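Residue-level structural notes
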Amino acid sequence: MNLQWLQMRIGEEQERRQREDNIRNRLPSALEELHESLTECLDSYKEAFGPRAATMHFVSGRIRIEIRDEVETRWVTRAEIVISNDLTSLVSGSNAGDPYLLEVGVLAGDKLFYRDGDEYITLEELTRRILDRALFPS
């Protein structure tokens with residue numbers, strides 16, 4: 001009995017599983033790279049609007065950002081963003097809108113790509129899409 005089709009399908013499945021493992025192993029560093037980019041942006045924002053205007057915490061594979069406004073000498077939370085990884089995607093949720101789902105993958109040479117639907121975007125564009133609605137709601 002010729003099982004050539006089976007051997008071919010097994011090989012394809014092994015390759016698919018290897019790609020998923022590579023992505024799963026690389027995703028934590030993708031979140032770290034995003035954290036660095038967000039930190040740079042939030043530092044500029046805090047420089048312009050005060051050191052308590054934004055906070056960010058990065059713990060256990062989750063980034064939590066809080067945007068605040070000063071109202072009558074008190075800092076009040078205006079927006080909250082939580083970013084977490086979910087296998088091959090980054091998920092950004094915010095009270096500024098619906099969750100933002102994004103696919104993350106690995107290219108040759110261990111380089112990351114970010115894809116929003118059919119559109120490939122840069123880390124800078126990803127950072128803008130995550131922060132823009134929360135930082136500048138009007």
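Up top is the structure.
For the structure given in this document, a descriptive report is provided here.

Analysis parameters
- Residues numbered from 1 in each chain as written.
- Predicted model: local features only at pLDDT ≥ 70, side-chain atom pairs only at ≥ 80, totals over all residues.
- Heavy atoms only, no water.
- Helix = DSSP H or I, 4+ residues; strand = E, 2+ residues; numbered from the N terminus.
- Buried < 20%, exposed > 50% of the residue type's maximum accessible area, 1.4 Å probe, protein only.
- Contact = heavy atoms within 4.5 Å.
- Areas by Shrake-Rupley, 256 points an atom, 1.4 Å probe, with all protein chains shown as cover.
- Pairing = 2+ DSSP bridges.

Across its full length, the chain holds 2 helices and 7 strands. Listed by position from the N terminus, the elements making up the chain come as α-β-β-β-β-β-β-β-α. Relative to its full complement of 138 residues, the chain shows a buried share of 32%. Residue pairs at least 24 apart in sequence account for 41% of intrachain contacts in the chain once pairs closer than 6 positions are excluded. Looking at the chain as shown, the accessible area adds up to about 9200 Å², and 49% of this sits on carbon and sulfur atoms.

Let's shift gears to the pairing of strand 2 (residues 62–71). With 6 bridges connecting them, strand 1 (residues 54–59) and strand 2 associate as antiparallel partners. For M56, the partnering residue across the bridge sits in strand 2 and is I65. Here strand 1 hands over to strand 2 after 2 residues, with S60 in that stretch at a positive phi of 50°.

The next subject is the environment of I63. Along the polypeptide, I63 turns up in strand 2. Expressed as a C-alpha distance, the spacing of I63 and I81, which sit 18 residues apart in the sequence, is 7.9 Å. Setting aside residues up to four positions removed in sequence, I63 forms contacts with L31, H35, L38, M56, H57, F58, I81, V82 and I83.

Read these as spatial facts, not as claims about activity.
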